[in-house]
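# Inside the fold
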Amino acid sequence: MDDSHAIRRLKRGEVGALETLVLRYQEKAIRTAFLITQDEPLAQDVVQETFIQMYRHIGQFDEACAFEPYFLRSVVNACLNALKTSAKQISLDDDLSQVESLLSQAASAETEVEGRQFRAEILSALSRLKPRQRVVVVQRYYLEMSEKEMSAALDIPAGTVKWLLNGARTKLRALLGPGRRAK
Amino acid sequence: MKQKSYREILDSVASDSLEGQADLWPRIAAQVERKSFMKTLRTRPLMAIVLALLILLALTGVAYAIGKSLGYIPGIGMVETSSLRVLAEQVSQTRDGVTVTVEKAILNADNALIVLKVEGLSHDKFVPLEPLNTCISTEELRFLSGGYVKSGSGTTKPLNGAMVFDTSVGGGFESSYTYTHIPSDAADATLFIPCIWGALSPGILPENWELPLHFVPAPPDAALTMMPVTEIAPSTNFQTATTVPNVESTPSSVVNTGSTKPITLTQVIEAGDSYILVGEDYPPAPSQSGDGQLVDWILTDGNGEKVDYQVPPADMDFGGRTMLADKKLWAVQVARGFAPPLHITHRYRYVFPVDSQDTYGFEFDAGANPQQDQVWNVNQEFQLAGHQVRLTTITADNTPVITGTPIGVAGYWFRFETDDPAVNSFTVSIDGYIPKKQQSTPNNFAEGDSLAGQLVEYLTYPELPTGKLKVIFSNLFLNGELRSWTMEWQP
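Computed from a predicted structure; not experimentally measured.

## Some words on the overall build of chain B
A tally of helices and strands in chain B yields four helices and 30 strands. Expressed as a percentage of contacts within chain B between residues at least 6 apart in sequence, the contacts between residues at least 24 apart total 72%.

## Structural notes on the overall build of chain A
Looking only at helices and strands, chain A features nine helices and zero strands. For chain A, the sequential pattern of α-helices and β-strands runs α-α-α-α-α-α-α-α-α. The contacts in chain A between residues at least 6 apart in sequence include a share of 66% that link residues at least 24 apart.

## Some thoughts on the packing of helix α2 (residues 16-37) of chain A against helix α3 (residues 40-56) of chain A
Residue and element names in this part refer to chain A. Remark: α2 packs on α3, axes separated minimally by 8 Å, with the N-to-C direction vectors making an angle of 140 degrees. On the basis of their axis angle, the class for α2 and α3 is oblique. Considering how the two elements wind past one another, α2 and α3 form a crossing that is right-handed. Here Leu 18, Val 22, Gln 26, Ala 29, Ile 30, Ala 33, Phe 34 and Thr 37 of α2 come into contact with α3, specifically with Glu 40, Leu 42, Ala 43, Gln 44, Val 46, Val 47, Phe 51 and Tyr 55.

## Topic: the environment of B:Leu391
Residues and elements named next belong to chain B. Considering the arrangement of structural elements, one finds Leu 391 in strand β25 (residues 387-399). Overall, the presence of 23 C-beta atoms within 10 Å leaves Leu 391 in the buried class. If we skip the residues at most four places from it in the chain, Leu 391 touches Val 378, Gln 380, Phe 382, Phe 414 and Phe 416.

## Here we look at the sheet that holds β25(B)
All names here are of chain B. If you walk across this open sheet you meet the five strands as β24-β25-β26-β29-β28, and the pairing is antiparallel. Of all the strands in the sheet, just β24 (375-384) and β28 (437-441) have a single pairing partner and so form its edges. Averaged over all neighbouring strand pairs, the angle between strand axes comes to 20 degrees, with direction disregarded. Pairing analysis gives nine bridges linking β25 to strand β26 (residues 409-417), with the strands arranged antiparallel. When the sheet's bridge partners are listed, Thr 399 is paired in β26 with Val 409.

## Quick notes on the confidence of the model for chain A
All names here are of chain A. Per-chain confidence: chain A averages 72 in pLDDT, with 68% of residues scoring 70 or above. Note on residues 86-94: pLDDT is under 50 here. Beyond four places in sequence and across chains, it has 12 contacts. Low pLDDT (under 50) marks residues 167-183, which in the prediction has 17 contacts with non-local residues, meaning those over four places away or in another chain.

## Description of the confidence of the model for chain B
All names here are of chain B. With 72% of its residues at a pLDDT of at least 70, chain B reaches an overall mean of 76. Mean pLDDT across the elements of chain B ranges from a minimum in helix α3 (residues 37-43), with 28, to a maximum in strand β5 (residues 91-95), with 95. Two summary scores accompany this predicted model of the complex, namely pTM at 0.44 and ipTM at 0.78.

## Observations concerning the nonpolar core
Counting 53 residues, the largest nonpolar core has A:Ala33, A:Leu35, A:Val47, A:Val75, A:Cys79 and A:Ile122 as the members making the most contacts within it. Contributing elements (two or more residues each) for this core: α1 (3-11), α2, α3, α4 (67-85), α5 (96-107), α6 (112-127) and α7 (131-142) of chain A together with α1 (6-17) of chain B. Tallying contributions element by element places α2(A) first for this core, with 11 residues. Looking at this core, you find at least three residues from each of domain 1 (3-85) and domain 2 (96-175) of chain A. Apart from the residues within four sequence positions on either side, A:Ala33 is in contact with A:Ala43, A:Val46, A:Val47, A:Val75 and A:Cys79. Judged by nonpolar contacts, the second largest core, of 34 residues, contains B:Leu87, B:Leu107, B:Ala189 and B:Phe215.

## Digging into the packing of α2(A) against α7(A)
All names here are of chain A. Orientation of α2 relative to α7, taken along the N-to-C sense of each, is 145 degrees, at an axis distance of 8 Å. Relative to α7, α2 is oriented so that their crossing is right-handed. Only Pro 131, Arg 134, Val 135, Val 138 and Tyr 142 of α7 make contact with α2, whose side of the interface consists of Thr 32, Leu 35 and Ile 36. Considered class by class, the residues forming the contact of α2 with α7 number six nonpolar, one polar and one charged.

## Examining α1(A)
Residues A:Asp3, A:Ala6, A:Ile7 and A:Leu10 constitute the buried set of α1(A). Across the axial projection of α1(A), the buried residues extend over an arc of 100 degrees, all falling on one side.

## So, the environment of A:Thr50
Tracing the sequence through the fold places A:Thr50 in helix α3. On a C-alpha basis, the gap between A:Thr50 and A:Cys79 in space is 9.7 Å, while along the polypeptide they are 29 residues apart.

## Quick word on the environment of B:Arg95
Residues and elements named next belong to chain B. Mapping Arg 95 onto the fold places it in strand β5. For Arg 95, a count of 13 C-beta atoms within 10 Å corresponds to the partly exposed category. In this structure, the C-alpha to C-alpha distance between Arg 95 and Glu 207, residues 112 residues apart in sequence, is 9.3 Å.

## Some details on unusual backbone geometry
Here the bond from B:Pro340 into B:Pro341 is cis, since omega is -5 degrees, no more than 30 degrees from zero. Within the element layout of this structure, B:Pro341 appears in the loop between β21 (329-335) and β22 (342-353). One non-glycine residue, A:Gln38, lies in the positive phi region at around 60 degrees. For A:Gln38, the position within the fold is in the loop between α2 and α3. In the Ramachandran plot, B:Asn475 falls in the positive-phi region, its phi being about 50 degrees despite a non-glycine side chain. Tracing the backbone through its elements, the reader meets B:Asn475 in strand β30 (residues 468-489).

Conventions and cut-offs
- Residues numbered from 1 in each chain as written.
- Chains lettered and ligands numbered in written order.
- Predicted model: local features only at pLDDT ≥ 70, side-chain atom pairs only at ≥ 80, totals over all residues.
- Helix = DSSP H or I, 4+ residues; strand = E, 2+ residues; numbered from the N terminus.
- Contact = placed C-beta atoms within 7 Å.
- Axes fitted to C-alpha atoms, helices over the stretch in contact; angles between N-to-C directions.
- Parallel < 35°, antiparallel > 145°, perpendicular 65-115°, else oblique.
- Left-handed = near helix turned anticlockwise from the far one by under 90°.
- Buried ≥ 20, exposed ≤ 12 C-beta atoms within 10 Å, placed from the backbone.
- Pairing = 2+ DSSP bridges.
- pLDDT = per-residue confidence, 0-100.
- Core = buried A, V, L, I, M, F, W, Y, C linked by C-beta atoms within 7 Å.
- Domains from an automatic or database assignment.
- Nonpolar A, V, L, I, M, F, W, Y, C, P; charged D, E, K, R; others polar.
- Arc of directions from axis to C-beta.

Below you can see the structure in the form of structure tokens.
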């Protein structure tokens, strides 16, 4: 059963079709939510609530649209909302570019050990970003959304998305610590 | 080491940090499920007797309205008046121009239905469309004991009877949600609303609403607060239409059982600004070797215009029956205000197997480690029993399987296209591997329908077949008659 078939069945009231969608997308959704919230139980709660909201409002979902991007965008918005009221909100550093730098280095890591070390540093760097900036990183690099799609999803001008991403890139070189690329 | 994409790295960042694989389905299922009516019957013999009487009366075929002893509450089902508690009085709060009103609360022994209205939402802050809505937290009913229950199934709809939100205007919405496992003696509770559904961004609308609710035993006229149920004598006035695809020598795939009632309308529930129509369908049986497939329902008004409808949840009680358990039962909800009469059309496709042992096989290299969502653009044309089909893509559905749990999946999607309207479906198999499950989306729509010409087969396995695989297509089924039955209903 593909997504559009599952949606059609869900609109016909077949709850079993919801299970299909949950089993198919929960893992990616939880990972997306975790990258933003940095909190596993909260990420699970957010994804659970997003599935339930989607079920409630399935009548308004356009079957012609792809389900996965729709659902993951909902998860991202739900994360933003959850973090606003969560005591665990962290925002120490605006430096989005550090994450990009680490991603770039992790991409060319030559050993699994080195890769794992970079991944730990990426997680740490992500935690120092504001939630909205984590959303930008997740949307651009994990969900692989275009700047135009991000602009629509976040309801911010395209220029702001460009500013967030380009500003980070210009700092990239300066932020590469000594010895980081000395392989 | 192979250069990894940023997506793969972030995926590993998350998976490194997450403890195993979560299965959210049991938690989600618990929130969307409702107490079964049969469970109510087992614990409430009085209700069983009343219902038996009701069924007896319905058999007379005479339309009548149910009296005060029973009423229908969406999400709860049919209830006895005597067991009910209701809201003592409406509760309303206004903050920053937004007004939340709890209009109605109906509680029986374990379930509650809360109806609330939210007004004063300006269009620049209120976007009632997913995924722009940022309010995802659900309401809670909190009790003095410190316990709470989260809202379960329900609906949200625009105010003033509209079926679709007008996003350029704003306004508000009305929602009806059920809560299960309510303390039977609860006289007071607080409805906690963490955020307003449809909020464009977090905090843009007032949040953390707390509305104190007081419940009292339902007065004798409580039936007035419920939706009257009208039983209708099954109609015998049908128009039947049959279309046959352009295929040579279509055999008869229908065995007429002599049924004079292929579809019936048996109940109409006056659900506020809409109607819930309930009935049964008995399409003539397919031939012994054939099969029958429900295609869809189409509703049109007296001017021939399509009427939008929604299907109530499959587990909603309709006099002890649910669509989940009873495949003959159907129900649709339509807004009032359509130009009468309403025409209800049920489309049903009969299919039949081709008398041929023809198969088509080809080799497909999935590689040693197919990734989740990995797509192979195959675009392979082939013929099966003389019918042309194109395999467009194969997609891996591969997340780690934990044996003995519903977690993980190992399977492949096969997507096909055909310009041949006769092709309905066929069997897909991978030589040497026994699938755990096979699901089909057949090509059963009428020519011209947007989904016509597309077929999907989905196979899952205990472990994903990898490497060079021999894929075999066989057992072609062709489309036979597309029958539709149209029934007329006058409110």
